[in-house]
Amino acid sequence: MFRVALKMLVGDSARFFGIVMGVTLACFVIAQQGSIFIGIMGRTTALINDTTYPDIWVMDPKVQYIDDTKPLQDTQLYRVRGVEGVAWAGRLYKGMIRARMENGTFQNCNLIGIEDSTLVGGPPAMVEGTVGELRRADAVIVDEAGATTRLARRTGNPEDAPIPLAVGDTLELNDRRAVVVGISKGTRTFQSQPMIYTTYSRAVSFAPKERKSLSFVLVGVKPGLDAQEVCKRIAEQTGLAAYTRAQFRWVTVEYYLKYTGIPINFGLAVGLGFLIGTVITGFMFYSFTLDNLRFLGTLKAMGTGDVKLLWMILMQALVVGLLGFGIGVGLASLVGWLNRGSALAFLLPWQLVVVAGAAVVVICMLSAMLSMRRVILLEPAVVFKG
Amino acid sequence: MTTTALPTSAPLDVPINREGIAVVCRGVTKTYGTGQAAVRALRGVDLLIHSGELMMLVGPSGCGKTSLISVIAGVLDRDDGECTVFGEDFAKMKPHQRTAFRGRTIGFVFQAFNLIPTLTIAENVAVPLLINGWSMHKAVQEARGILDQVGIGDRYRDIPARLSGGQQQRVAIARALVHKPRLIVCDEPTSALDHETGERVMDLLKTAAVGKDRSLVVVTHDNRIFQFADRIAKMDDGRVMGIVSDVKEL
Ligand SMILES: Nc1ncnc2c1ncn2[C@@H]1O[C@H](COP(=O)(O)OP(=O)(O)O)[C@@H](O)[C@H]1O
Ligand SMILES: [Mg+2]
């Protein structure tokens, strides 16, 4: 009888297509928008992931997310170093700086200054050069995305492709000369501004003069110790906030979730996709059942039990659900894949696939339940009505 | 006029010999709706159908013919009276038993054919077997055999819409026969067909469907097919008014 149910469903090809499209739409919107949302959320914490490789980030307690720096006194470094369990501690400068381009225009860049002696806190990977070359005079490292786009040199002719910034080129940072000694590769950040890495002291000298310039203290924990335990000690002894990497990532993401319109925006898109998908699917599935009521009644009269009929409807819903789910998630992945390497933030983790799947189950159940009600109430005697 | 066996006035407590009897109805009533809107469709029907006969139910529109075969076929609950099919009473069965009994015992032929449009002819005919738990493959094999019998074996892979009305009713008859039910109920089987086609369909029903152990109940108001009946029950106003064995007596 399941074959019969399947043929009843698939045979009505226009309706079948419509129902599957409804599920597909919902699934696609959820997976696609969700992926972009997660991708963007990932970018907000990009620098935390990319900074090599402290166990603990120490900062002013009022800091709400990675880009929200509140400078500390330089002496805080020594206080942190004094805490038991701290293997090493290094300074990190994080600020914005204006880079002057050759044609005289300015470009805002992220400036990261890493501890001079240890060079801890640098980029996660290098495309050209090494982090060690930051020890040379005026040396800076520029990230690949920035070097090839915003910091690329434009010739006077707008039709020419911009020439990427390369090792050996010079930049003017806040009226000071800087020499590119390496190109790094990192995760794109939320604001998508170029990343410029240099040593801590050089960063401070590039940056506009301020009373305090220490953004973060990066800490390595002694082997065998629990990072959270050390965090607690640092906080107690210095009055600063200390987070493990994972904690700091959460603090940052939480800020974006709470204080920006991003989640609402995506939530609305996802909700709308779900709603429209449900309405289309539910409506079309129901009208499919209504159109087939005469035949369902015939099956009922000829000896098909209610339970069997309900299973048949459930199976029909399952089939459209599976198809729509497959096509929807597939399409979303395809769109993500086609945009790989572009500015689009896109991350489709399995959890999101599960969420889309759950949404499909809900959609199909709602649709099937509407139809099932009709089938239960169906009197087999209707088959004799002209 | 030879009004037969069961006197309409027979008291309900008189036992009758059920040998060779397919259906017994005594004092069957059915009312649709309640209060002002109540329609008394059956007002005490007495009817006896023998095994191996083609019984026609005739009468004006609205006299309760469809209601009566619905009760006999176990798709409609009667309010009162007695009604047994091969000695079994639908009213005494649990819902799932009733459904299963219908699936085994009763074949249906409808005025509008009710073939599932997206199934092939053979699959449509196979449905009663599928309901009785056959595999699709075996059921379709069996269905093709029956389709040969009703003369459209070559169309088994077509969908119903490709067939004429008469051919579709042949398919429906094949479907009603395929699981060898002991009782076949037909509601106005010819009223969607032209006269000549209707006669051929009735001919088929009479030759292919009626057998020693099988009875047919055919509801109709088409007097041109009365000739195919073994006996005719005349209904009016929710009652069987009389039973005749010869068309000329109507
Ligand atoms: N489901 C129903 N609800 C209310 N009234 C009905 C229903 N079915 C039939 N009736 C009424 O019951 C009477 C008998 O109907 P029916 O058995 O269909 O007669 P026939 O088949 O002889 O035309 C008619 O008056 C009809 O209007
Ligand atoms: Mg009728």
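Residues numbered from 1 in each chain as written. Chains lettered and ligands numbered in written order. Predicted model: local features only at pLDDT ≥ 70, side-chain atom pairs only at ≥ 80, totals over all residues. Heavy atoms only, no water.

## Quick word on the overall build of chain B
Right, so step 1: Helices and strands together make up the secondary structure of chain B, namely 6 helices and 9 strands.
Right, so step 2: Computed over C-alpha atoms, the radius of gyration of chain B comes to 18 Å, within 12% of the 18 Å expected from 2.2 N^0.38 for 250 residues, which places it in the range of a compact globule.
Right, so step 3: With respect to the three principal axes, the spread of C-alpha positions in chain B is 50 × 40 × 40 Å.
Right, so step 4: In chain B, which comprises 250 residues, the proportion classed as buried is 56%.
Right, so step 5: In chain B, the proportion of contacts linking residues at least 24 apart, taken out of those at least 6 apart, comes to 69%.
Right, so step 6: Across chain B, 30 positive and 28 negative side-chain charges occur, with their mean positions spaced 4 Å apart. (Helix = DSSP H or I, 4+ residues; strand = E, 2+ residues; numbered from the N terminus. Rg over C-alpha atoms; globule rule 2.2 N^0.38 Å. Buried < 20%, exposed > 50% of the residue type's maximum accessible area, 1.4 Å probe, protein only. Contact = heavy atoms within 4.5 Å. Lys, Arg positive; Asp, Glu negative; His and termini not counted. Charge placed at Lys NZ, Arg CZ, Asp CG, Glu CD.)

## Focus: the overall build of chain A
Right, so step 1: Per the secondary structure count, chain A includes 12 helices and 10 strands.
Right, so step 2: Relative to the globule expectation of 21 Å for 386 residues, the C-alpha radius of gyration of chain A, 29 Å, shows a markedly less compact shape.
Right, so step 3: Expressed as lengths along the three principal axes of its C-alpha atoms, the size of chain A is roughly 95 × 60 × 30 Å.
Right, so step 4: Within the span of chain A, comprising 386 residues, buried residues form 49% of the whole.
Right, so step 5: Considering only contacts within chain A whose residues lie at least 6 apart along the sequence, 78% involve residues at least 24 apart.
Right, so step 6: Carbon and sulfur atoms make up 61% of the accessible area of chain A, which amounts to about 17800 Å² in all.
Right, so step 7: If the 38 positive side-chain charges of chain A are averaged to one point and the 29 negative ones to another, these points end up 7 Å apart. (Areas by Shrake-Rupley, 256 points an atom, 1.4 Å probe, with all protein chains shown as cover.)

## Let's talk about the interface of chain A and chain B
Interfaces are frequently sized by the accessible area removed from exposure as the parts join.
Right, so step 1: Facing 23 residues of chain A, the contacting portion of chain B comprises 27 residues.
Right, so step 2: Together, the buried faces of chain A and chain B total about 2300 Å²; carbon and sulfur atoms form 70% of this surface.
Right, so step 3: At the boundary of chain A with chain B, the tally comes to 1 salt bridge.
Right, so step 4: When the shortest N-O distance is used, the salt bridge between Glu123(B) and Lys7(A) registers 2.8 Å.
Right, so step 5: Those elements that provide at least two residues to the side of chain A that touches chain B are α1 (2-11) and α10 (293-301) of chain A.
Right, so step 6: The biggest single contributor to the side of chain A that touches chain B is α10(A), with 6 residues.
Right, so step 7: Looking at the side of chain A that touches chain B, its residues break down into 11 nonpolar, 5 polar and 7 charged. (Buried area = accessible area lost by both parts, 1.4 Å probe. Salt bridge = Lys/Arg side-chain N within 4 Å of Asp/Glu carboxyl O. Nonpolar A, V, L, I, M, F, W, Y, C, P; charged D, E, K, R; others polar.)

## Thoughts on the sheet that holds strand β8 (residues 231-236) of chain B
All names here are of chain B.
Right, so step 1: Read from one edge to the other, the open sheet built from 6 strands follows the order β5-β6-β7-β3-β8-β9, with strand pairing classed as mixed. Both edges of this open sheet fall to β5 (106-109) and β9 (239-244), since each of them pairs with a single strand only. Across the sheet, the mean angle separating the axes of adjacent strands is 20 degrees when strand polarity is ignored.
Right, so step 2: Pairing analysis gives 4 bridges linking β5 to strand β6 (residues 183-187), with the strands arranged parallel. Bridge pairing links Val109 to Cys186 in β6.
Right, so step 3: Strands β5 and β6 of the sheet are contacted by helix α5 (residues 165-177), whose axis makes an angle of about 170 degrees with β5. (Pairing = 2+ DSSP bridges. Axes fitted to C-alpha atoms, helices over the stretch in contact; angles between N-to-C directions.)

## A word on the site of ligand 1
Right, so step 1: Taken together, Lys385(A), Tyr32(B), Val39(B), Ala41(B), Pro60(B), Ser61(B), Gly62(B), Cys63(B), Gly64(B), Lys65(B), Thr66(B) and Ser67(B) form the complete shell of residues around ligand 1.
Right, so step 2: Chains contributing residues near ligand 1 are chains A and B.
Right, so step 3: Gly64(B) is positioned with one of its backbone polar atoms (N or O) 3.1 Å from an oxygen atom of ligand 1.
Right, so step 4: Within the residue set of the shell around ligand 1, elements represented by two or more residues are β2 (39-50) and α1 (65-72) of chain B. (Near = heavy atom within 4 Å. Polar contact = N/O pair within 3.5 Å; in protein donor to acceptor, adjacent residues only side chain to side chain.)

## Describing the pattern of salt bridges
Right, so step 1: Throughout the structure, instances matching the rule amount to 26 salt bridges over all chains.
Right, so step 2: Among the ionic contacts, a cluster of salt bridges with common partners joins Asp12(A), Arg15(A) and Asp291(A).

## A few points about the domain arrangement of chain A
Right, so step 1: Here chain A is described as being made up of domain 1 (2-43 + 261-384) and domain 2 (73-239).
Right, so step 2: A separation of 49 Å is found between the C-alpha centroids of domain 1 of chain A and domain 2 of chain A. (Domains from an automatic or database assignment.)

## Considering the packing of helix α9 (residues 262-291) of chain A against α10(A)
The description of two packed helices rests on the angle between their axes and on the distance between the axes.
Residues and elements named next belong to chain A.
Right, so step 1: In the contact formed by α9 and α10, the axes pass within 4 Å of each other and the chain directions differ by 55 degrees. In terms of orientation, α9 and α10 fall into the oblique class. Together, Thr289, Leu290 and Asp291 of α9 and Leu293, Phe295 and Leu296 of α10 make up the contact between the two elements.
Right, so step 2: Across the contact of α9 with α10, the residue classes tally to 4 nonpolar, 1 polar and 1 charged. (Parallel < 35°, antiparallel > 145°, perpendicular 65-115°, else oblique.)

## With respect to α1(A)
Right, so step 1: Inspection of α1(A) places Val4(A), Ala5(A), Met8(A) and Leu9(A) among the buried residues, and these make up the whole buried set. Seen from one end, α1(A) has its buried residues packed into an arc of 130 degrees, which puts them on one side. (Arc of directions from axis to C-beta.)

## Observations regarding the confidence of the model for chain A
Right, so step 1: Model confidence for chain A is summarised by a mean pLDDT of 88, while 100% of its residues fall at 70 or above.
Right, so step 2: The element-level mean pLDDT for chain A is lowest in helix α3 (residues 46-50) of chain A, coming to 80, with strand β1 (residues 56-59) of chain A highest at 94. (pLDDT = per-residue confidence, 0-100.)

## A few points about a nonpolar patch on the surface
Residue and element names in this part refer to chain A.
Right, so step 1: Residues Leu25, Leu272, Leu275, Ile276, Val279, Ile280 and Phe283 make up a contiguous nonpolar surface patch of roughly 650 Å² in combined accessible area.
Right, so step 2: When residues of the nonpolar patch are assigned to their parent elements, the largest contribution, 6 residues, is made by α9.
Right, so step 3: Tracing the sequence through the fold places Leu25 in helix α2 (residues 13-44). (Patch = residues over 30% accessible without salt bridge, like charges linked within 9 Å, V, L, I, M, F, W, Y side chains within 5 Å.)

## Overview of the nonpolar core
Right, so step 1: Core analysis: the biggest nonpolar cluster contains 122 residues, and Leu47(B), Met56(B), Ile72(B), Phe108(B) and Leu147(B) have the highest contact counts within it.
Right, so step 2: Among the elements that make up this core, the one with the highest residue count is helix α3 (residues 121-131) of chain B (8 residues).
Right, so step 3: Counting 38 residues, the second largest nonpolar core, distinct from the first, contains Ala99(A), Leu171(A), Ala203(A) and Val221(A). (Core = buried A, V, L, I, M, F, W, Y, C linked by side-chain atoms within 4.5 Å.)

## What to know about the packing of aromatic side chains
Right, so step 1: Inspection of the entire model under this criterion finds 14 aromatic pairs over all chains.
Right, so step 2: With 6.0 Å between their ring centres and 10 degrees between their planes, Tyr243(A) and Phe248(A) make a pair best called stacked.
Right, so step 3: In this structure Tyr243(A) comes out as buried when scored by relative accessible area, which is 19%.
Right, so step 4: Among the aromatic residues, ring-to-ring pairing joins Trp57(A), Phe216(A), Tyr243(A) and Phe248(A) into one connected group.
Right, so step 5: Over the aromatic face of Phe106(A) sits the side chain of Arg98(A), whose NZ or CZ is 4.2 Å from the ring centroid.
Right, so step 6: In this structure, Arg144(B) is placed above the aromatic ring of Tyr156(B), and the distance from its NZ or CZ to the ring centre is 3.7 Å. (Phe/Tyr/Trp six-rings, centres within 6.5 Å; stacked < 30°, edge-to-face > 60°. Lys NZ or Arg CZ within 6 Å of the ring centre and 35° of its normal.)

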